[in-house]
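# Structural features, examined
Letter by letter, the chains look like this.
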Amino acid sequence: MGATRKTEGYLLRLSPFREKDAMALMLSREGFISFLARGTYGNGKSKAAMLPLGLSRYELNVGKGGKYSLKEAESIKTAPYREDLNFLALVSVVSETLSKVSPSVDPERAYKLLEAVLSCLRDGGDPLTLTCMFLARTAKLLGVAPETHACMVCGAKEGITAFSYLEGGYFCKEDAERMNIVPSGLKYLREIEFIHNRDPRKAAGEPLPAADALEHMKELRDYLKDRAGVTVRSLGLLLNG
Ligand SMILES: [Zn+2]
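Residues numbered from 1 in each chain as written. Predicted model: local features only at pLDDT ≥ 70, side-chain atom pairs only at ≥ 80, totals over all residues.

To continue, consider the sheet that holds strand 6 (residues 147-151). With mixed pairing, three strands are arranged side by side in an open sheet as 6-8-7. The strands lining the two open edges of the sheet, one partner per strand, are strand 6 and strand 7 (160-164). The sheet shows a mean angle of 25° between the axes of neighbouring strands, direction not considered. As paired elements, strand 7 and strand 8 (residues 169-172) share four bridges and run antiparallel to each other. Its bridge partner lying in strand 8, Ser-164 is registered against Gly-169. (Pairing = 2+ DSSP bridges. Helix = DSSP H or I, 4+ residues; strand = E, 2+ residues; numbered from the N terminus. Axes fitted to C-alpha atoms, helices over the stretch in contact; angles between N-to-C directions.)

Our focus in this paragraph is the pairing of strand 8. Here two bridges tie strand 6 to strand 8, and the two strands are oriented parallel to one another. Counted as the bridge partner of Cys-151 is Tyr-170 from strand 8. Counting the residues in the hairpin turn of strand 7 and strand 8 gives four residues, including Gly-168, whose phi is positive at 95°.

In contact at an axis separation of 11 Å, helix 2 (residues 107-122) and helix 3 (residues 127-141) are set at 170° when each is read in the N-to-C sense. The orientation of helix 2 relative to helix 3 falls into the category roughly antiparallel. Within the contact between the two elements, helix 2 uses Arg-109, Ala-110, Leu-113, Val-117, Cys-120 and Leu-121 and helix 3 uses Leu-130, Phe-134, Arg-137 and Leu-141. (Parallel < 35°, antiparallel > 145°, perpendicular 65-115°, else oblique. Contact = placed C-beta atoms within 7 Å.)

Leu-27, Val-94, Leu-114, Val-117, Cys-132 and Phe-171 are the most contacted members of the largest nonpolar core, which totals 62 residues. Taken together, domain 1 (4-77) and domain 2 (85-239) each give at least three residues to this core, which thus spans both. Setting aside residues no more than four positions away along its own chain, Val-94 makes contact with Leu-53, Leu-114, Val-117 and Phe-134. (Core = buried A, V, L, I, M, F, W, Y, C linked by C-beta atoms within 7 Å. Buried ≥ 20, exposed ≤ 12 C-beta atoms within 10 Å, placed from the backbone. Domains from an automatic or database assignment.)

Moving on, we get to the domain arrangement of the protein chain. Segmentation of the protein chain into domains returns domain 1 (4-77) and domain 2 (85-239). Placing a centre on the C-alpha atoms of domain 1 and another on those of domain 2 gives a separation of 30 Å. The interface of domain 1 with domain 2 comprises 10 residues on the first partner and 12 residues on the second. At the level of elements, strand 1 (4-17), strand 2 (21-28) and strand 3 (31-37) are the ones that each hand at least two residues to the side of domain 1 that touches domain 2.

Non-glycine residue Arg-18 carries a positive phi angle of around 50°. Following the sequence through the fold, Arg-18 ends up in the loop between strand 1 and strand 2. For Leu-53, which is not glycine, the phi dihedral falls at a positive 65°. Looking at the element boundaries, Leu-53 is found in the loop between strand 3 and strand 4 (55-62). The exposure class of Leu-53 is buried, given the 23 C-beta atoms found within 10 Å.

So, in structure tokens, the structure goes:
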């Protein structure tokens, strides 16, 4: 028998490949790992381990050129499933986004983010609010987060009156006036603060109003597209639904 590698992590993506096989992408603490899952992966105990965002143990065959194929998989914990369209959409958004950004982010930080999102969901967190928080954290992972701790111009932490994705962050009253940036309103600023700065693990009890969450989601979608070239197609499930 050839060499094998054992690892543990979350399944992000399973795309059909050739007739009966699939290419899988998973996120472990050591990195993103892709492997071939042959047609039989859906049988027996491997089946539950091949559901999106479940935590599983994998044993991979190491082939020629270091390519992996699945030998065996065993589910440790499935994603906290709910029969709710927003929940299902969040699972799609998270798995699509992490798959897309996988070449350019630190896997350890991506792993921590995914664990935080799942932990909040287990605590009954609101999928719409969590989608916004996840997208905001993704901007951070990609190194393009807007400035949400101090005024972009003078660095003041108090007296913030405006936030603009276009301009890249917070502005104090004087600098907003000087630069003709429209004040944002207290409610919007509080929500921006919450989405960008609150730990998702501790956000379960504070859902945003659905209409507000959808507006923030649109802004974050456009921001990620403009700043990082990341298009999250499955956001359409929430925004056009
Ligand atoms: Zn300022």
